[in-house]
Amino acid sequence: MKKKLVALFLVLVLALTCFTACGDKDKDEKKKAKTYDDVYELLGAMSEFQKGTATMSCDIDMGQRGNAKLTLTLVTDGKGNCKVSGAVDMDTEEVKLNADVDDLVIIYDKMLYINLGGILKAATSYEPEIGEMLGDLKLSYFAVPLPDDLDTSKTTEVIQDSMELFTKFLKKGLKDAKVDGEDNEFSIALKDAAAYRTFFGEAANFMEGDVADYCAKKMETVQTSSIDMNAYVQKLINYYYNDIVELAGALNVEKTQIDSVLDELKQMDLNEKIGEAASGVLGSKMDADTIKEEMKKAADQLRTSMEKVSDEDFEKYETKVTVKTTDSGFKLKASFEGTADEGNSLKADVTIKISEEFDKISAPGEITRLGDFKDLVKQLGGLIIGGVNSHNPDDYEDWDD
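Values in this document were obtained by computation on a predicted structure and should not be read as measured data.

If you tally the helices and strands in the protein chain, you get 12 helices and 11 strands. For the protein chain, with 401 residues in total, the buried portion stands at 36%. For the protein chain, contacts bridging at least 24 residues in sequence account for 69% of all contacts bridging at least 6. Put simply, the protein chain shows about 23,100 Å² of open surface, and 51% of that area lies on carbon and sulfur atoms.

In this section: the nonpolar core. The biggest cluster of nonpolar side chains holds 43 residues, and the ones touching the most others in it are L43, L170, L174, L190 and V323. Going through the elements one at a time, α2 (39-46), α5 (156-173), β8 (185-190), α6 (193-223), α10 (288-307), β9 (317-325), β10 (329-339) and β11 (345-355) are the ones with two or more residues in this core. With 11 residues, the single largest contributor to this core is α6. Residues within four places of L174 in sequence aside, it is in contact with Y40, I188, L190 and F199. Grouped together as the second largest cluster of nonpolar side chains are 7 residues, M111, Y113, Y141 and A143 included.

Tallied over the entire structure, the rule returns 17 salt bridges. The salt bridge partner of D243 is R369, with a shortest N-O separation of 2.8 Å. Here D243, found in helix α7 (residues 229-250), pairs with R369, found in the loop between β11 and α12 (374-389); they are 126 residues apart in sequence, far enough to count as distant. For D243, a relative accessible area of 8% puts it in the buried group. With relative accessibility at 36%, the residue R369 sits in the partly exposed group.

Turning next to the environment of V105. With respect to the secondary-structure elements, V105 resides in strand β4 (residues 96-108). Between the C-alpha atom of V105 and that of Y141, which follows or precedes it by 36 residues, the distance is 8.9 Å. Those residues in contact with V105 that sit more than four places away from it in its chain are C82, K83, V84, L112 and Y113.

Before going further, it helps to examine α2. Of all 8 residues that make up α2, 6 are buried, and the element is covered over most of its length. Every buried residue belonging to α2 is among V39, Y40, L42, L43, A45 and M46, and all of these are buried. Measuring from the side-chain oxygen of the N-cap residue of α2 to the backbone nitrogen of Y40 gives 3.1 Å; that N-cap residue is D38.

Another aspect to go through is unusual backbone geometry. One non-glycine residue with positive phi stands out, namely K110, at about 65 degrees. Of note, K110 is situated in the loop between β4 and β5 (111-115). What makes K110 partly exposed here is its relative accessible area of 27%. One non-glycine residue, D183, lies in the positive phi region at around 60 degrees. In this structure, D183 sits in the loop between β7 (178-182) and β8. For D183, a relative accessible area of 34% gives the class partly exposed.

What follows deals with α10. Structural remark: α-helix, 3.6 residues per turn; residues separated by three or four positions point the same way. Between the first and last C-alpha of α10 there are 29 Å, a value that for 20 residues agrees with the 28 Å anticipated at 1.5 Å per step. Within the span of α10, buried status applies to T290, I291, M295, A299, L302, S305 and M306.

In this section: the pairing of β11. In regular strands, side chains alternate between the two faces of the sheet. With 8 of 11 residues buried, β11 lies mostly within the body of the structure. Here strand β1 (residues 52-61) runs beside β11; their pairing, made up of 9 bridges, is antiparallel. The residue bridging M56 from the neighbouring strand is I352, located in β11. Both β10 and β11 contribute to a ladder of 11 bridges, which runs antiparallel. Bridged to G338 within β11 is L346.

Reading the values: rules and limits
Residues numbered from 1 in each chain as written. Predicted model: local features only at pLDDT ≥ 70, side-chain atom pairs only at ≥ 80, totals over all residues. Heavy atoms only, no water. Helix = DSSP H or I, 4+ residues; strand = E, 2+ residues; numbered from the N terminus. Buried < 20%, exposed > 50% of the residue type's maximum accessible area, 1.4 Å probe, protein only. Contact = heavy atoms within 4.5 Å. Areas by Shrake-Rupley, 256 points an atom, 1.4 Å probe, with all protein chains shown as cover. Core = buried A, V, L, I, M, F, W, Y, C linked by side-chain atoms within 4.5 Å. Salt bridge = Lys/Arg side-chain N within 4 Å of Asp/Glu carboxyl O. Polar contact = N/O pair within 3.5 Å; in protein donor to acceptor, adjacent residues only side chain to side chain. Expected span 1.5 Å × (residues − 1). Pairing = 2+ DSSP bridges.

So far we have only geometry, and geometry alone does not tell us how the molecule works.
Right, dumping it as structure tokens:
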């Protein structure tokens, strides 16, 4: 299997789907009654994301080398509340894993809930020793307060902006591809070398142009974040205070010591300190010019890879994409299939289903507190202290204070 060629095709399949993850329309409007002039107008409609359910599945069949399937589901109510579920099923020569976690993450009413129980179950199915280490500890959801001034309802803007840029790119990248269909269903096919070379060539231009400019703009937004870190840290301290004291007690740390440390933290101007740190890290390493330089390098690598692939190699593969409306939303399916010189087959399907319907989003009923880990912390603390005490003090004579 020619690795360069396979990599290019995987980029193609992902590129045609990664910006089309969600969509929504007014419930009173019949999706199948709406018609579109071309595939680009339909893709644009998919970016009108406010609320609904989006499911993305990637199914890869590598013939004798095995297969893998990944599924992600996003549910959002358009008010800043959402939840994500995930499933993975891998059966390859290197990895065998089957895990399914419903409501992996929930964001509701300025709180983030992480499904530790589901994560542990999935991890234990792959590595049983993880469950044995935790003993009888029962895990559910772990709650993390979010900043009061964080507007979670604006998360969909990234998808909308990305879709607008991507549709602009497709109009150039698919000019040599075969695009058919009308009204509610369109198909795109890349069947010859000219179509592939045009697509990847425009992809390189897109990366060092529109994508670089967009990322640079978003970086400026991050650097000028309006979140009050002083208020947020105070919120975290208030929420976790009793648990912190309980954990400290398990390690024989006095409450007065904890209070002293927290008081010092409260006296700091975290907005200033974090701003300085962000300026030093983001400003020097991830400024607009650096982002554009990195994007140009990636684009040049893509162009170099393209030069190493012959027209004959391209003709061994076929990529098809179908975009259509459904009764409740949209559906996009991208398929890539081919056979390499070694006779190894590769087939990849990426399917995205979007519906305006969604399940109720609410806070989970059971919460795992930070203090619930006190026995585990005490056990680990004892092991660490015991390990230190088991060494000869002379072993540390060269250590700095």
